[in-house]
Amino acid sequence: MATREILRCVLTATIAALSGSVTHAAEVTIPWKQNFTYTTDEVFDSKKPDTAGRTGRTFRFMNGAPEEGKKVEKAGNLRGDYIHPDGITGPVPVVILMHGCTGWTKPVLDWAKEKGKKLLDEGVGVLILDSFGPRQVKRTCGAPNYHWGWRRVEDAYSALAWLIESDRAIPDRVFVMGRSNGGTTAIMLATRMAASGHRDHKFAGSFAISPACNEMEKFDFAVPVTIFTGDEDMANNPKLCAAIDGKNGLIKTVIFKGVHHGFEDRTPTYVENGWRMEHNPKADKETMDQILTIIKSSDTKNAAK
């Protein structure tokens, strides 16, 4: 069985385990829509590293990056797995889970299963979004990767539109929870530059776990973001995330002491791409507790309108 087929089977099994009832779990195809107002016609060029951020803001589904085999294709579809909370009919709050630079590896799938179960138990729908499989990308690990951070912003907004337009999600109660590179995307999608290109649908909030915050001080923000990271993170510099704490009154940065990258993974300590990956039960619990509190408070705010 091919790697991509194995991944699909693992994702499907994860969804079934999350939902407790396969009738509430579904593999879904999400049309990729690009409607940013600041797109570029540039194709990725490894000889011009200074353009990598711009080429990430593309109107093409595939834009020539080496991780996608240098293919250039304008149209495409994302894959995902959606789980609706058991016993609830109609639209619900939803969290979109976004993987990191490794894609859906076992630790990341276990993370999706555990966090997804907690969300479903609170009546929150879960969409596990696959950015890499449809593009035949295996991994994008290395230095903070802003090309793929920006590329995946439009993945998140495409998923947001699909959730609302298919009547699965309450329009003003959709959130993103991204880890590592997915966390970087979770910050980027909240910039005023990104949000201004999506006036029809807006995220209620975003949760960035161990993201790269390089150059984020240059941007203004239009969506609330809570960043969770450790002061011992070897993959992404936590000081850069601390530097944007409080920006526009929308960014909150939580830095855990003595905590490494991968603190949310319930696995033995291991090394990934030269980074120490180590679970921290306290940071892991506090992160999820804060996320659930924010999601619940969004219901209170809407009730007060």
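These numbers come from a predicted model, not from an experiment.

Draft legend 1. Examining the state of the cysteines more closely. Considering all chains together, one arrives at two disulfides under this definition. There is a disulfide in this structure between cysteine 101 and cysteine 141, and the S-S distance comes to 2.0 Å. Given an S-S torsion of about 85 degrees, the disulfide between cysteine 101 and cysteine 141 has right-handed geometry. Separated by 40 residues along the polypeptide, cysteine 101 in the loop between β5 (92-98) and α3 (106-121) and cysteine 141 in the loop between β6 (125-130) and α4 (146-165) bring together distant segments of the chain. A sulfur-sulfur distance of 2.0 Å marks the disulfide that ties cysteine 213 to cysteine 241. Between cysteine 213 and cysteine 241, the disulfide has an S-S torsion of 90 degrees and is therefore right-handed. Of this pair, cysteine 213 sits in the loop between β8 (205-209) and β9 (225-230) while cysteine 241 sits in helix α7 (residues 238-242), placing them 28 residues apart in sequence. You'll find cysteine 213 and cysteine 241 in the same group, each marked buried. Counting its disulfide-bonded cysteines in sequence order, the chain shows a connectivity of 1-2, 3-4.

Draft legend 2. A look at the side chain of threonine 55. Along the chain, threonine 55 falls in helix α2 (residues 52-56). Take threonine 55: its relative accessible area is 0%, and that puts it in the buried class. Aside from chain neighbours lying at most four places away, what touches threonine 55 is Thr40, Glu42, Val43, Phe44, Asn63, His147 and Arg151.

So, how was this worked out
- Residues numbered from 1 in each chain as written.
- Predicted model: local features only at pLDDT ≥ 70, side-chain atom pairs only at ≥ 80, totals over all residues.
- Heavy atoms only, no water.
- Disulfide = S-S within 2.5 Å.
- Helix = DSSP H or I, 4+ residues; strand = E, 2+ residues; numbered from the N terminus.
- Buried < 20%, exposed > 50% of the residue type's maximum accessible area, 1.4 Å probe, protein only.
- Contact = heavy atoms within 4.5 Å.

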